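Descriptive structure summary
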Amino acid sequence: MGVEAHATNERVTGRRWTVRLDPVGRGRADVRVSCSRPACAAQVLPSAAAGRTAAIAHLKAHLRAGPAPRPSVHCACRAEECHTHIRPAGPRERPVPWRCGGAVVLAVITDREGRWWQVLECCSRCAAAHPTAKVVATAPAAGAPARADGFRADAPAPAPPGGPAATTPTFSAVGPHFSHSAAATGTAVPQQASGPRSSAPRSAPRSARPPRKRPPRGRIAQRLVPHDLRPVALRDELTELGELFRAYQARTEPDLAMLADLHTRKAEAFNAWAEVTADTGLRLDAQRAEQAAATARLQHLHRIGQAPDGEGPAVARLLTAPAQWNHARAVLAHVAENAPLPGAEARLLVLMVTLRTAQSGVGNLVGQDIKGLPLQDPEHLVGQLVESGWLGISGTVEELIASRPESPTRISVPSLTPDEDDPGPFTFGRKLRPKLSGWAQRVVGEKKLRKGKTGADVRLLALALATGADGEGLLGPGGEGIGLDGLSSWCSVDAGDLPDLVDRLTAADWLAEADVTGTLLTGRLTERVLPLGCPLT
């Protein structure tokens, strides 16, 4: 008697088992039906429809043969943080006993696609919280104590094997109504047969309980956010970030500041996710997000003309990369060494033609390109270049000077034409050539230089200073100045003429604090012309 009382009062966890329907292999039609109960062997069926029929029949057999739900057991899903529990509003805590309630029931839960069926011995409140749960049987009321074999104490005991038919247990002998539809599974679902049912009241009518929908799974960076990820705030942050990234990708205009903030939040969230799951891949993704945030923020600051970390205002330069600055200096040095004619005007014209033909040795030229330069006799100068063999043109010099943009003149520079033995003096690509040409035209044709009617020598000096200052505009390496000999050679003037050229650049607001000593020119470029500079690196 004492043993029976002990067995009756013992609080054990409710039963739980699952019948699954899985594919046997990729590209195959047959399926495997398996049951989590240890005595059940797996079956292989030729099709999904036959597999579902076998799975439902197997589950019904268990329900017919098994004992009724026991009123004294713990809820099966209460032993772990099951999503069927009713949760309070606010941050989720670990389950506590008061969350379970109502009579103990035997419930069948299935997925919508008909791939698995799970039987739970749980409380009626947990069963009601799950949208797909179907209650098969209910435990006896508290006034009718249950026997150790699962039947009511006031019900007749079942007959022994081989004896007369046993009396009907407290739950229906017919299988449950599964939540999957016949159209979805391809199998007709039998209706519940009439039979004795437990008189124990259920927690609430099924029609009165609104269906509880599972929240949609979040997705970020090709990763699915788990439903059970804790803390909940982290799960919600990852889900929201995924939506924000997708919304940003749908924008018609970029916002680099917003993108940098999103990457920063992603790095913080992925670091927290990695701490929770100990996933090294998440930690690496967080590092990549930090790098992406820094890059996007730097690009944004450059775009708006600011410098990072309070370094002062940045300069939005016409040529943006050190490699481009070095190529500009290389072109100027090549022209200084290979100009076919003396004089500042010839040097300036050779420079502009070289930039037009630097990549392939050929290019197009119109009259305005030449007439826009400060040349006293452009036709005579072009004729001299043609006679020297340095320049070739299609047509006459007069036709070149009169040509318009809609009918440019084809020109060629043989010394710049690459061949198998000589690839040419320049190594920059095809896309950089028009950038360098545009930069030189901007410097030579700068507004105040034009209004001041400065000559070719002043504009050559402006080019030299634009490529001979540092990032802050100070002339020479480290701001120590530029040698006068190099400047006079480049501008094709005497060293004694340089002070006058410097004064004209100062008057045009190109130079500030300029000082010509015995061998050096010191000073700095004004902020107005810093965007045209190619800083020394």
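Data block above holds the structure.
A brief structural summary. Since the model is a prediction, treat every value here as computed from it, not as a measurement.

With that settled, the discussion passes to empty space enclosed by the protein. Picture a little ball the size of a water molecule; that probe, rolled over the atoms, points out where space is still empty. Using the criterion set out here, one finds 2 cavities of 30 Å³ or more in the structure. Lining the second largest cavity are Arg 317, Ala 466, Ala 469, Asp 470, Gly 471, Leu 525, Leu 530, Gly 533, Cys 534 and Pro 535. A per-class count over the lining of the second largest cavity returns 6 nonpolar, 2 polar and 2 charged.

All right, on to the pattern of salt bridges then. Oppositely charged side chains may form a pair once their charged atoms are brought near each other. Taken as a whole and judged by the stated rule, the model has 18 salt bridges. A salt bridge links Glu 121 to Arg 70, with the nearest nitrogen and oxygen atoms 2.7 Å apart. Linking Glu 121 in strand 5 (residues 116-123) with Arg 70 in the loop between helix 2 (48-65) and strand 4 (104-110), this pair joins segments that are 51 residues apart in sequence. We note a salt bridge from Arg 223 to Asp 279, for which the minimum N-O separation is 4.0 Å. Remark: Asp 279 occurs in the loop between helix 6 (256-277) and helix 7 (280-304) and Arg 223 occurs in strand 8 (residues 223-224); sequence separation between them is 56 residues. Assessed through its relative accessible area of 30%, Asp 279 is described here as partly exposed. Here the residues in one salt-bridge network are Arg 223, Asp 279, Asp 285 and Arg 288, joined through shared partners.

Each pair of packed helices gets described by two things: the angle between the helix axes and the distance between those axes. Running from N to C, helix 5 (residues 232-249) and helix 6 cross one another at 150 degrees; their axes reach a closest spacing of 10 Å. With respect to helix 6, the element helix 5 is oriented roughly antiparallel. Handedness of the helix 5/helix 6 crossing: left-handed. Contact residues: helix 5 offers Leu 234, Glu 237, Leu 238, Glu 240, Leu 241, Leu 244, Phe 245 and Tyr 248, while helix 6 offers Leu 256, Met 258, Leu 259, Leu 262, His 263, Arg 265, Lys 266, Ala 269, Phe 270, Ala 272, Trp 273 and Val 276. In terms of residue class, the contact of helix 5 with helix 6 is made up of 15 nonpolar, 1 polar and 4 charged.

The next subject is helix 2. Helix length check: helix 2 (18 residues) gives 26 Å between terminal C-alpha atoms against 26 Å at 1.5 Å per residue, within 8%. Taken residue by residue, helix 2 has Gly 51, Arg 52, Ala 54, Ala 55, Ile 56, Leu 59, Lys 60, His 62 and Leu 63 as its buried positions.

Cut-offs applied
Residues numbered from 1 in each chain as written. Predicted model: local features only at pLDDT ≥ 70, side-chain atom pairs only at ≥ 80, totals over all residues. Heavy atoms only, no water. 1 Å grid on protein atoms, 1.4 Å probe; cavity = no way out; pocket = protein on both sides within 12 Å on 5 of 7 lines; lining within 4 Å. Points joined across faces, edges and corners; volume = space filled by probe spheres on them. Nonpolar A, V, L, I, M, F, W, Y, C, P; charged D, E, K, R; others polar. Salt bridge = Lys/Arg side-chain N within 4 Å of Asp/Glu carboxyl O. Helix = DSSP H or I, 4+ residues; strand = E, 2+ residues; numbered from the N terminus. Buried < 20%, exposed > 50% of the residue type's maximum accessible area, 1.4 Å probe, protein only. Axes fitted to C-alpha atoms, helices over the stretch in contact; angles between N-to-C directions. Parallel < 35°, antiparallel > 145°, perpendicular 65-115°, else oblique. Left-handed = near helix turned anticlockwise from the far one by under 90°. Contact = heavy atoms within 4.5 Å. Expected span 1.5 Å × (residues − 1).

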